[in-house]
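# Topology and contacts: notes
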Amino acid sequence: MRIRKTLAVSTALVMGVAGLAACGGGSSDGTASSDGKVTMTFWHNSTTGDGKAFWETTVADFEKDHPDVTIEIQAIQNEDLDGKLQTALNSGDAPDIFMQRGGGKMQAMVDAGQLMDITDLITDETKAAIPEGSFKAETMDDKVYAMPVAVLPGGFFYSKDLFAQAGITETPTTMDELSAAVDKLKAAGISPIALGAKDAWPAAHWYYFFALRECSSDTLAAAAKDKSFTDPCWLKAGQDLQDFAATEPFNEGYLTTSAQQGAGSSAGLIANHEASMELMGAWDPGVIASLTPDAQPLADLAWFPFPSVEGGEGDAAAMMGGVDGYSCSADAPQQACADFLNYIATKDVQEAYYKAFSAPPVNTEAQAVVSESYLQEILTAYNSAPYVSQWLDTVYGQNVGNALNTGVVDMLAGKSDAAGIIQAIDDAAAKE
């Protein structure tokens, strides 16, 4: 579920998507008949609930306004999306429209000539509604390759009721305070932190945030370019996580718990008050809402940013999250595909997006509908952040990113240690 950085005012917003998932197979260059009718395939990652219904309605409304265009939808589970998409792109059978994570993953597609340059296809109306900075995460070499839809900053989503039950009156701002909160929750018989480590990336989020606090912005930027992890901060981040995990803050069986699938997932544990908090991207409120007993937003949900780490070189106010957008494949019907991307950026569609995913829209006009206090707090923190990083697995691309995620899980499972994480990503980087 994950993929920066300007939102509303200065940073593109927003968040995202509940229940990210994606699916299927499709024809890469669409089809155009002799009578001018066009058929395109569309892959997204919302497989259930309001998110899935949103895309179905959005496509149907677009087709109504464009009677010569048919869009065939495929929804794929989020954890399966990247692998299936890469296979489809490499085989020449990619969907015409698909979710774009950005970062190193998008760079690889651009280098392979697999994406359409939409720079000159973005309408003036779209440019006026979405801040210029919002397109930066979708831009390579001054060319735009995706329409930004959501910026998904991360942090802790928590139950105010369970915090109160445990006697926690203030949200943690330091790791010592977070550890103290964990102790209070345990004493009250409450599982402190939900973690869906079965899917790897949720566990890796913990390493990402420790790295954000331990490493300077210059170090993070340098690693994004050269994939060198020799600075001691990278090892220290792994040690921080290893030490924290040793205090047993996570739900029982977290290594075999999924992130978003069903009541037993980490999001489901929050939705049903079986755990107090979860470190996750801003798509989480929508996922949690889909898993509550009445399938409604969790009434006592709130948010706080990742705490500061004593002695770290990273700014305590730095944020992390991903920009999700949508790309056209290089051979997609150009005008029809561009028309759809501009359509999903319009005010009405973006307002509907917010209502479906419980996430603030990227369109600045549509952001006026955002009412939840925790989303407003996220926007405030995001807009004032001195530095924002994409999710590290997105930054480093699929091979190194997957190695990083797996390395973190191996450490948590006792198969490796903090040095093993560095070794895993070094080995993967050396093969590129």
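Conventions adopted
- Residues numbered from 1 in each chain as written.
- Predicted model: local features only at pLDDT ≥ 70, side-chain atom pairs only at ≥ 80, totals over all residues.
- Heavy atoms only, no water.
- Helix = DSSP H or I, 4+ residues; strand = E, 2+ residues; numbered from the N terminus.
- Expected span 1.5 Å × (residues − 1).
- Buried < 20%, exposed > 50% of the residue type's maximum accessible area, 1.4 Å probe, protein only.
- Arc of directions from axis to C-beta.
- Contact = heavy atoms within 4.5 Å.
- Salt bridge = Lys/Arg side-chain N within 4 Å of Asp/Glu carboxyl O.
- Axes fitted to C-alpha atoms, helices over the stretch in contact; angles between N-to-C directions.
- Parallel < 35°, antiparallel > 145°, perpendicular 65-115°, else oblique.
- Left-handed = near helix turned anticlockwise from the far one by under 90°.
- Patch = residues over 30% accessible without salt bridge, like charges linked within 9 Å, V, L, I, M, F, W, Y side chains within 5 Å.
- Areas by Shrake-Rupley, 256 points an atom, 1.4 Å probe, with all protein chains shown as cover.
- Lys, Arg positive; Asp, Glu negative; His and termini not counted.
- Charge placed at Lys NZ, Arg CZ, Asp CG, Glu CD.
- Pairing = 2+ DSSP bridges.
- Polar contact = N/O pair within 3.5 Å; in protein donor to acceptor, adjacent residues only side chain to side chain.
- Phe/Tyr/Trp six-rings, centres within 6.5 Å; stacked < 30°, edge-to-face > 60°.

## Let's talk about helix H1 (residues 49-65)
A rise of 1.5 Å per residue sets the reference length of H1, with its 17 residues, at 24 Å; its end C-alpha atoms lie 25 Å apart and thus fit the reference within 8%. The complete set of buried residues in H1 reads Gly51, Phe54, Trp55, Thr58, Val59 and Phe62. For H1, the arc enclosing every buried residue in end-on projection is 120 degrees, short of the 170-degree limit, so these residues lie on one face. Turned more than 90 degrees off the buried face of H1, the exposed positions are Asp50 and Lys64. Tucked into the core, H1 has its buried residues touching strand S4 (38-44), strand S5 (69-75), strand S12 (319-328), helix H12 (334-343) and helix H13 (347-357).

## Some thoughts on the environment of Val287
Turning to its location among the elements, Val287 is positioned in helix H11 (residues 284-291). Among the residues examined, Val287 registers a relative accessible area of 1% and is labelled buried.

## What to know about the pattern of salt bridges
Per the stated rule, a full pass over the model turns up eight salt bridges. Of the charged contacts, one joins Lys105 and Asp82 as a salt bridge, the two residues approaching to 2.5 Å between their closest N and O atoms. In this pair, Lys105 is assigned in helix H3 (residues 103-111) and Asp82 in helix H2 (residues 78-91), connecting sequence segments 23 residues apart. Comparing Lys105 with Asp82 shows no difference in burial state: the two are buried. The network of salt bridges with common partners includes Asp82, Arg101 and Lys105.

## Quick word on the packing of H1 against H12
Contact geometry for H1 and H12: axes closest at 11 Å, N-to-C directions at 125 degrees. The angle between H1 and H12 falls in the class oblique. You can see that H1 and H12 cross each other, and the crossing is right-handed. For the pair H1 and H12, contact is made by Trp55, Thr58, Val59, Asp61 and Phe62 and by Ala336, Asp339, Phe340 and Tyr343, respectively.

## Some words on the environment of Gln398
Note on placement: Gln398 falls in helix H15 (residues 392-412). Owing to a relative accessible area of 23%, Gln398 belongs among the partly exposed residues under this scheme. In sequence terms Gln398 and Gly104 are 294 residues apart; their C-alpha atoms lie 7.5 Å from each other. With near-sequence residues (within four places) excluded, Gln398 lies in contact with Asp82, Gly83, Gln86 and Lys105.

## Description of a negative patch on the surface
A surface patch of like charges, here negative, comprises Glu170, Asp176, Glu177 and Glu310. Following the sequence through the fold, Glu170 ends up in the loop between helix H5 (160-165) and helix H6 (175-187). The exposure class assigned to Glu170 is exposed, which follows from its relative accessible area of 64%.

## A word on the pairing of strand S6 (residues 97-100)
Bridge count for S4 against S6 is two bridges, and the pairing is parallel. When the bridges of S6 are listed, Trp43 appears paired with Phe98. Where S6 meets S12, four bridges bridge the pair, whose relative direction is antiparallel. By the bridge assignment, Gln100 is partnered in S12 with Gly325.

## Concerning the side chain of Ser266
Topologically, Ser266 is positioned in helix H10 (residues 266-271). With relative accessibility at 0%, the residue Ser266 sits in the buried group. Here the side chain of Ser266 touches Ala259 through a polar contact of 3.0 Å, landing on its backbone oxygen. Non-local contacts of Ser266, meaning those with residues more than four positions away in its chain, are made with Ala194, Leu195, Gly196, Thr257, Ser258, Ala259 and Glu278.

## Examining the packing of aromatic side chains
Scanning the model with the defined rule gives 29 aromatic pairs in all. Their ring planes at 70 degrees and their centres at 5.5 Å tell us that Phe156 and Trp206 sit as a pair that is edge-to-face. Taken together, the residues span a long stretch of sequence, with Phe156 in strand S9 (residues 147-159) and Trp206 in helix H7 (residues 201-214) at a distance of 50 residues. The exposure classification of Phe156 matches that of Trp206, with both residues buried. When the centroid spacing of 6.0 Å and the interplanar angle of 70 degrees are considered together, the rings of Trp201 and Trp283 count as edge-to-face. Here the residue Trp201 occupies a position in helix H7, and Trp283 occupies one in the loop between strand S10 (277-281) and H11, the gap between them amounting to 82 residues. Residue classification places Trp283 among the buried residues on the basis of a relative accessible area of 0%.

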